[in-house]
Amino acid sequence: MYMGTPEFAVPPLRSLIESGENVQAVFTQPDKPKGRGLKMSAPPVKVMAMAHHIPVYQPESLKSGAGAELTAEVLKRLSPDLIIVAAYGKILPLSVLEAPKLHCINIHASLLPKYRGAAPIQRCIMDGEKVTGITTMLMAEGLDTGDMLLKSETEIGENETASELHDRLAQMGATLLTETLKGVKNNFLKPVKQEDSLSSYAPMITKDMCPIDFSRPVWAVHNHIRGLSSFPCATVLIKGKRLKIFKSVIRKDLKTNQPPGTAVNPAKLEFACGDGGVIAFTELQPDGGRRMKASDYLRGNPIFP
């Protein structure tokens with residue numbers, strides 16, 4: 001049985017299907033209204049499952065009410081050997097964790113025990129980490145605290161955004177899941193307990209984090225922009241207009257004595273930061289507009305008279 005919801009969970013599900021695994025059912029979050037028209041939209045994992053005629057279940061809750069009853073009925077009827085979980089979106093109750101004959105395995109987008117929690121990809125970039133990866137683990141009642149199975153590492157690019165890293169890690173998750181299942185089948189995996197003293201927490205990203213604080217060092221501003229791209233996105237007000245900033249670069253060849261937030265170049269969107277460094281916005285989106293290069297925006301919206 002597979003449990004997942006967003007785009008991150010699609011490549012691992014695809015790999016299970018393409019490798020011929022018997023995916024008996026998929027659990028995912030309920031459809032949600034999306035876009036300006038608030039049209040009901042199916043989670044990406046549901047779309048993938050339905051395209052391959054896999055039964056889909058979308059309970060509101062796994063712990064109580066009709067959702068818990070449905071989940072219990074499906075688990076009893078299918079009696080799965082394994083439950084694979086990737087960004088499902090809810091904490092699984094003990095009744096689900098103990099349901100499979102063998103294991104309940106999670107695909108987590110960090111090198112555990114670092115960055116347990118909901119937003120490991122964004123948080124590692126915002127913290128300026130140079131390396132991250134994927135961990136497969138046996139699920140336990142705690143938040144990403146179960147014994148680790150396999151890990152796969154990757155370097156984070158200096159200007160790589162969270163959305164770009166997300167896509168790479170999703171593919172890595174699919175590959176590592178395949179290796180993990182081989183280990184389960186051949187009985188050569190040796191679960192490793194996490195060292196709690198080395199753990200860190202990656203709480204959910206919220207929209208109140210979006211405004212850019214130019215008083216911070218330039219590297220912190222850059223990492224903030226990268227970590228929030230492309231959702232919910234770092235924001236700034238320029239001449240009364242709110243801009244979402246998707247990409248930036250640090251001008252390593254420039255230093256300034258101007259106050260933080262001051263535009264230092266009339267021809268480019270370059271601004272002073274708290275340590276005298278200069279951040280350059282390279283890709284943005286004005287409210288009500290489309291995503292574009294900063295140079296294209298400046299042609300119609302000069303920041304100096």
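Look a little higher up for the structure.
Described in the following lines is the structure provided in the data block. Bear in mind the structure is a predicted one, so any value in this text is a computation, not a measurement.

Considering the overall build of the chain
For the chain, the helix and strand inventory stands at 8 helices and 14 strands. Viewed in the frame of its principal axes, the chain has a C-alpha envelope of about 70 × 45 × 35 Å. Within the chain, the proportion of its 305 residues that are buried is 49%. Partitioning the contacts of the chain with sequence separation of at least 6, the portion at a separation of at least 24 is 62%. If you sum the accessible surface of the chain, you get close to 15,400 Å²; carbon and sulfur atoms cover 53% of it. For the chain, the separation between the mean place of its 37 positive charges and that of its 31 negative charges on side chains is 6 Å.

Concerning the packing of helix α1 (residues 10–18) against helix α6 (residues 162–186)
Running from amino to carboxyl end, α1 crosses α6 at an angle of 40°, the nearest separation of the two axes being 7 Å. Relative to α6, the element α1 lies oblique. Crossing of α1 over α6 shows right-handed handedness. Contacts between α1 and α6 involve Pro11, Pro12, Ser15 and Leu16 from the former and Ala170, Gln171, Gly173, Ala174, Leu177, Thr178 and Leu181 from the latter. Its residues assigned to classes, the contact of α1 with α6 comprises 7 nonpolar, 4 polar and no charged.

What about the layout of surface pockets?
Here the second largest pocket is characterised by a volume of approximately 360 Å³. Within the residue set of the lining of the second largest pocket, elements represented by two or more residues are β6 (82–86) and α6. At 3 residues, α6 tops the list of elements feeding residues into the lining of the second largest pocket. Its residues assigned to classes, the lining of the second largest pocket shows 11 nonpolar, 3 polar and 4 charged.

With respect to the pairing of strand β10 (residues 234–238)
Most of β10 is tucked away: 4 of the 5 residues are buried. When β10 meets strand β11 (residues 241–250), the two strands line up antiparallel, connected through 5 bridges. Bridge pairing in β11 places alanine 234 opposite isoleucine 245. Once β10 ends, the chain turns through 2 residues before running back antiparallel as β11, passing lysine 239 with a positive phi of about 55°.

Description of the side chain of threonine 235
Structurally, threonine 235 is set in strand β10. Take threonine 235: its relative accessible area is 8%, and that puts it in the buried class. Residues in contact with threonine 235, not counting those within four places in the same chain, are Cys210, Pro211, Ile212, Arg242, Leu243 and Lys244.

Digging into the nonpolar core
Within soluble globular proteins, side chains that are nonpolar generally end up buried alongside one another. Of all hydrophobic cores here, the largest spans 38 residues; its most connected members are Tyr2, Leu13, Val26, Ile84, Ile134 and Leu169. For this core, the secondary-structure elements that each account for two or more residues are α1, α2 (44–51), β6, β7 (103–108), α5 (120–126), β8 (131–138) and α6. Sort the elements by how many residues they give to this core and α6 lands first, with 9 residues. Leaving out residues up to four positions away in the same chain, tyrosine 2 has contacts with Ala9, Pro12, Leu13, Leu16, Val23, Ala25, Val26, Phe27, Val45, Ile84 and Ala86.

Digging into α2
Residues that lie three or four places apart on an α-helix share one face, since the helix turns once every 3.6 residues. For α2, the set of buried residues is Val45, Lys46, Met48 and Ala49. End-on, the buried residues of α2 take up no more than an arc of 165°, which puts them together on one face. Histidine 53 sits one or two residues past α2 and shows a positive phi near 60°.

Details of the pairing of β6
Across the 5 residues of β6, 5 count as buried, placing the element largely inside the fold. Of the two faces of β6, the one lined by Leu82, Ile84 and Ala86 and the one lined by Ile83 and Val85 are each fully buried. Examined bridge by bridge, strand β1 (residues 2–4) and β6 share 3 bridges and lie parallel to one another. Along β6, the bridge assignment pairs glycine 4 with alanine 86. Relative to β7, β6 runs parallel, the two sharing 4 bridges.

Quick notes on the environment of serine 197
Position of serine 197 among the secondary structure elements: in the loop between α6 and α7 (218–228). Take serine 197: its relative accessible area is 61%, and that puts it in the exposed class. The spacing of serine 197 and lysine 114 is 83 residues in sequence and 9.9 Å in space, taken between C-alpha atoms.

Details of a nonpolar patch on the surface
A cluster of nonpolar side chains, namely Ile91, Leu143 and Tyr201, defines an oily patch on the protein surface of about 330 Å² accessible area. Considering the arrangement of structural elements, one finds isoleucine 91 in the loop between β6 and α4 (94–97).

Focus on unusual backbone geometry
That bond from leucine 112 to proline 113 is cis: its omega, 10°, falls within 30 degrees of zero. Within the secondary structure, proline 113 sits in the loop between β7 and α5. Cis geometry is found at the peptide bond from phenylalanine 231 to proline 232, where omega equals 5°. With respect to the element layout, proline 232 can be found in the loop between α7 and β10. Phi is positive for tyrosine 115, close to 60°, though the residue is something other than glycine. Along the chain, the position of tyrosine 115 falls in the loop between β7 and α5.

The rules behind the values
- Within each chain, residue numbers correspond to sequence positions counted from 1 in written order.
- For this predicted model, a pLDDT threshold of at least 70 governs which residues receive local features, and a threshold of 80 or more governs which side-chain atom pairs are given and counted, while totals over whole chains, interfaces and linings are taken from all residues.
- Side-chain metrics rest on all non-hydrogen atoms present in the structure, leaving aside hydrogens and water.
- Only DSSP runs of H or I covering at least 4 residues are called helices, and only runs of E covering at least 2 are called strands; the numbering of each starts at the N terminus.
- A 1.4 Å probe rolled over the protein chains alone gives each residue an accessible area, and that area as a share of the maximum for its type sets the label: buried under 20%, exposed over 50%, partly exposed in between.
- Contacts between residues were defined by any pair of non-hydrogen atoms, one from each residue, lying within 4.5 Å.
- To measure how exposed things are, a 1.4 Å probe is used in the Shrake-Rupley method; for residues, cover is taken only from the protein chains shown.
- Neither His nor the chain termini are counted; the positive set is Lys and Arg, and the negative set is Asp and Glu.
- By convention, charge coordinates are those of NZ in Lys, CZ in Arg, CG in Asp, or CD in Glu.
- Each axis is a line fitted through C-alpha atoms, and for a helix only the stretch in contact is used; angles between axes span 0 to 180 degrees, taken between their N-to-C directions.
- Oblique is the label for every angle not falling under 35 degrees (roughly parallel), over 145 degrees (roughly antiparallel), or within 65 to 115 degrees (roughly perpendicular).
- If you view the pair so one helix is near and one far, a crossing is left-handed when the near helix is turned anticlockwise from the far one by less than a right angle, and right-handed when it is turned clockwise.
- Ten residues, namely Ala, Val, Leu, Ile, Met, Phe, Trp, Tyr, Cys and Pro, are considered nonpolar, four, namely Asp, Glu, Lys and Arg, are considered charged, and the remaining ones, Gly among them, are considered polar.
- Cavities and pockets are defined on a 1 Å grid built over the protein atoms alone: a cavity is a set of grid points where a 1.4 Å probe fits but cannot escape, while a pocket is an open set with protein on both sides within 12 Å along at least five of seven lines, and lining residues are those with an atom within 4 Å of any such point.
- Grid points are joined across faces, edges and corners, and a volume is the space filled by probe spheres set on the points.
- For two strands to pair, DSSP has to find at least two bridges joining them.
- What we call a nonpolar core is a set of buried Ala, Val, Leu, Ile, Met, Phe, Trp, Tyr and Cys residues that are connected through their side-chain atoms within 4.5 Å.
- The arc under discussion is defined with respect to the helix axis, by the directions toward the C-beta atoms.
- Each patch groups residues whose relative accessible area exceeds 30% and which form no salt bridge, using 9 Å between like charges and 5 Å between nonpolar side chains of Val, Leu, Ile, Met, Phe, Trp and Tyr.
- Salt bridges are counted wherever a side-chain nitrogen of Lys or Arg sits within 4 Å of a carboxyl oxygen of Asp or Glu.

Read these as spatial facts, not as claims about activity.
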